[in-house]
Amino acid sequence: MSDELSRRSGRAELAAWNGTDPVTYSDLLEAQACGARRSHGAWRVVELFGDAGPFEAHLRWTAGDGAGQQVAVTVSRNTRLSVFARDLVIEAANLYGSIQNVGCMVSDGYAATANTFEQRGSDAGGLIGGGAGVATFEVPAFGRVVHLEVQDPLTLGNYSLAVVDGLGVTRAKWAGNDQPEGGMPLGGALRLEVSYPAGAVFRLVHALNL
């Protein structure tokens with residue numbers, strides 16, 4: 001018998017995002033296993049959905065005697081992911097310019113899923129016209145491969161994406177217009193560095209092992 005959760009769904013109204021301030025997370029769900037085998041955990045299928053536009057979700061969970069895991073995912077409208085969890089906490093942040101409601105539903109079971117996490121960048125911290133530079137990004141939890149995308153594809157050759165390992169050594173570097181098909185493998189990367197031109201508006205899209 002799988003562990004029953006104290007809650008199976010949640011909903012929150014998210015304030016509009018202006019696109020420049022850091023995103024603000026709101027509580028969406030906090031649930032604990034309460035069945036006879038509550039110390040073990042079970043596979044959970046988590047459905048996340050917004051009623052108007054994109055949002056970001058942050059999930060934390062524990063299972064057994066483990067210290068727990070966490071992951072952030074970027075959701076264009078709806079997604080699904082599977083985690084082995086005893087306790088589960090979900091928060092959400094708006095990536096939409098208007099107020100919207102987002103929600104979640106959790107059921108027992110497992111489903112093969114595919115999710116992404118997006119990191120955004122522009123020159124001078126968002127002030128277009130600030131000039132060329134280098135932006136540093138952390139590798140997200142469960143990241144598998146990453147792809148650089150830009151506002152104007154004709155300028156891709158003016159960008160580069162570098163993978164830096166735990167010793168601070170650049171192990172791979174690709175021009176924006178010569179990225180590997182399917183994205184750059186992250187492997188043992190500690191961080192990513194994007195070299196960009198003046199007027200840059202870009203994003204890193206990570207495929208997650210989740």
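Figured I'd write up the structure that's included with this text. Just so you know, these numbers come straight off a predicted model, no measurement behind them.

Parameters and conventions
- Residues numbered from 1 in each chain as written.
- Predicted model: local features only at pLDDT ≥ 70, side-chain atom pairs only at ≥ 80, totals over all residues.
- Heavy atoms only, no water.
- Salt bridge = Lys/Arg side-chain N within 4 Å of Asp/Glu carboxyl O.
- Helix = DSSP H or I, 4+ residues; strand = E, 2+ residues; numbered from the N terminus.
- Buried < 20%, exposed > 50% of the residue type's maximum accessible area, 1.4 Å probe, protein only.
- Pairing = 2+ DSSP bridges.
- Axes fitted to C-alpha atoms, helices over the stretch in contact; angles between N-to-C directions.

Some words on the pattern of salt bridges
Going through the model one piece at a time under the given rule, you end up with 13 salt bridges. In this structure, the salt-bridge partner of Arg-11 is Asp-51, at a minimum N-O distance of 3.8 Å. Placement of Arg-11 in strand β1 (residues 9-14) and of Asp-51 in the loop between β3 (42-50) and β4 (55-62) is noted, with a sequence separation of 40 residues between them. With a relative accessible area of 52%, Arg-11 lands in the exposed category. Note on Asp-51: relative accessible area 36%, which makes it partly exposed. For the salt bridge of Glu-91 with Arg-60, the shortest nitrogen-to-oxygen distance reads 3.5 Å. In this pair, Glu-91 is assigned in strand β7 (residues 87-94) and Arg-60 in strand β4, connecting sequence segments 31 residues apart. Among the charged side chains, a salt-bridge network with shared partners connects Glu-56, Glu-118, Arg-120, Glu-149 and Arg-203.

Some words on the sheet that holds strand β12 (residues 160-165)
Read from one edge of the open sheet, 4 strands run β10-β15-β12-β13, paired in antiparallel fashion. Here the strands that pair on one side only, and so sit at the sheet edges, are β10 (133-138) and β13 (170-175). The sheet shows a mean angle of 20° between the axes of neighbouring strands, taken without regard to direction.

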